[in-house]
Amino acid sequence: LFADEVNRELTKKPGQLIPLRLTAEDIGGTLIAILPKGLYTNPLDCIREYVQNSVDAEARAVTIKVTANSVSIFDMGTGMNLQDFLLARQFGLSPKSLSESVGFRGIGIYSAFDLCKRLRITSSKEGDPYRHVLVFEFADMKAALEADRRRGPDDPRISLSTLLSKCTRIKREGGTEPLQQHFTHVELQDISDVHIRQLADRVAMKRYLLQNLPIDFDDDFEYKEIVNR
């Protein structure tokens, strides 16, 4: 049907270049597996991405906890409300300023796709009465992509928008009173054995983050404001 529409336009305007519309269904779901794997080749790159989000949220401290098969990253930065969550979920789009934030690719929230089966983000923003929880079922996404791979060459493939819509969940907690707390808690759940062994080396993680994150100067450093300016 779309081909018929294009054919009619070409017939009406022979020899002219016409706009060729692209829909969300034209972008394959495999993109979510390809991009993170190419951009985040080291599991520590993914941790850096989430900690960078904490830095961008003006967090003064970030706590990273590694357990038997998960990693949690907690900060008391500005936090996120529902609108912030909806923006963060977008793929390849980011509201962050290139001049003020390091993370700007717009896919950082998906950086753990290759590491874990589930990504759970809990956050609240000061003054908002609610706390929201956003869950990405990465294992379900991978299963859907694997099923796609086994289909015949002429069978339809799942689109990126359909994949994310089916495998993303959000819920709301809280009441009517504005919350005084603000925080973001990122949980990479059910990480593979290979990756958790790499992430469990706390010395290596600390060294990597200190070398790759824009850590602020201590308040007692007399030239802090001069250097920052």
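Read on for a plain summary of the structure.

Conventions we followed
Residues numbered from 1 in each chain as written. Predicted model: local features only at pLDDT ≥ 70, side-chain atom pairs only at ≥ 80, totals over all residues. Heavy atoms only, no water. Core = buried A, V, L, I, M, F, W, Y, C linked by side-chain atoms within 4.5 Å. Buried < 20%, exposed > 50% of the residue type's maximum accessible area, 1.4 Å probe, protein only. Helix = DSSP H or I, 4+ residues; strand = E, 2+ residues; numbered from the N terminus. Contact = heavy atoms within 4.5 Å. Phe/Tyr/Trp six-rings, centres within 6.5 Å; stacked < 30°, edge-to-face > 60°. Pairing = 2+ DSSP bridges. Axes fitted to C-alpha atoms, helices over the stretch in contact; angles between N-to-C directions. Patch = residues over 30% accessible without salt bridge, like charges linked within 9 Å, V, L, I, M, F, W, Y side chains within 5 Å. Areas by Shrake-Rupley, 256 points an atom, 1.4 Å probe, with all protein chains shown as cover. Salt bridge = Lys/Arg side-chain N within 4 Å of Asp/Glu carboxyl O. Disulfide = S-S within 2.5 Å. Polar contact = N/O pair within 3.5 Å; in protein donor to acceptor, adjacent residues only side chain to side chain. Parallel < 35°, antiparallel > 145°, perpendicular 65-115°, else oblique. Left-handed = near helix turned anticlockwise from the far one by under 90°. Nonpolar A, V, L, I, M, F, W, Y, C, P; charged D, E, K, R; others polar.

## Points about the nonpolar core
Ile32, Val71, Leu119, Phe136, Phe138, Met141 and Leu188 are the most contacted members of the largest nonpolar core, which has 41 residues in total. If you tally residues by element for this core, the top one is helix 3 (residues 43-56), at five residues. The contacts of Phe136, once residues within four sequence positions are left out, are Arg89, Ile109, Tyr110, Lys117, Arg118, Leu119, Ile121, Met141, Cys167 and Thr168.

## With respect to the packing of aromatic side chains
The tally for this structure, following the rule as stated, stands at seven aromatic pairs. Consider the rings of Phe74 and Phe183, whose centres lie 5.7 Å apart with planes at 25 degrees: the pair is stacked. Placement of Phe74 in strand 2 (residues 71-75) and of Phe183 in strand 6 (residues 183-191) is noted, with a sequence separation of 109 residues between them. Phe183 sits in the buried class, given a relative accessible area of 11%. Judged by centre distance (5.2 Å) and plane angle (70 degrees), the rings of Tyr110 and Phe136 are edge-to-face.

## Regarding the environment of Glu225
Position of Glu225 relative to the elements: it lies in helix 9 (residues 224-228). In this structure Glu225 comes out as partly exposed when scored by relative accessible area, which is 49%. When the C-alpha positions of Glu225 and Ala33 are compared, they lie 42 Å apart, and in sequence the two are 192 residues distant.

## Focus: the sheet that holds strand 4 (residues 130-136)
Read across the open sheet, the six strands follow the order 1-2-6-3-4-5; overall the sheet is antiparallel. Unpaired on one side and paired on the other, strand 1 (62-66) and strand 5 (168-174) mark the two borders of the sheet. The mean angle between the axes of side-by-side strands here comes to 15 degrees, regardless of whether they run parallel or antiparallel. The strands that helix 5 (residues 138-149) touches are strand 3 (116-124), strand 4 and strand 5; relative to strand 3, the one it contacts most, it runs at about 140 degrees.

## Quick look at a nonpolar patch on the surface
Nonpolar side chains collect at one region of the surface, where Phe217, Phe221, Tyr223, Ile226 and Val227 lie side by side and expose about 460 Å² of accessible area between them. Note on placement: Phe217 falls in the loop between helix 8 (202-212) and helix 9.

## What to know about the state of the cysteines
Taken as a whole and assessed by the stated rule, the structure comprises zero disulfides. As a non-bridged cysteine, Cys116 has Cys46 as the owner of its nearest cysteine sulfur, 8.5 Å distant. Here Cys167 stays unpaired: no disulfide links it, and the sulfur of Cys116, its closest cysteine neighbor, is 13 Å away. By relative accessible area, Cys167 is classed as buried at 7%.

## Side note on the side chain of Thr184
Along the chain, the position of Thr184 falls in strand 6. Engagement of the side chain of Thr184 in a polar contact is seen with the side chain of Ser123, the distance being 2.9 Å. In contact with Thr184, other than residues within four places in its own chain, are Ile73, Phe74, Asp75, Gly79, Met80, Ile121, Thr122 and Ser123.

## Notes on the packing of helix 3 against helix 8
It is the contact of helix 3 with helix 8, at a shortest axis distance of 10 Å, that shows an interaxial angle of 55 degrees. Considering the angle they form, helix 3 stands oblique to helix 8. Seen along the crossing, helix 3 lies across helix 8 with a hand that is right-handed. Seen from helix 3, the contacting residues are Leu44, Asp45, Ile47 and Arg48; seen from helix 8, they are Ala204, Met205, Tyr208, Leu209 and Asn212. Taken together, the residues of the contact of helix 3 with helix 8 sort by class into six nonpolar, one polar and two charged.

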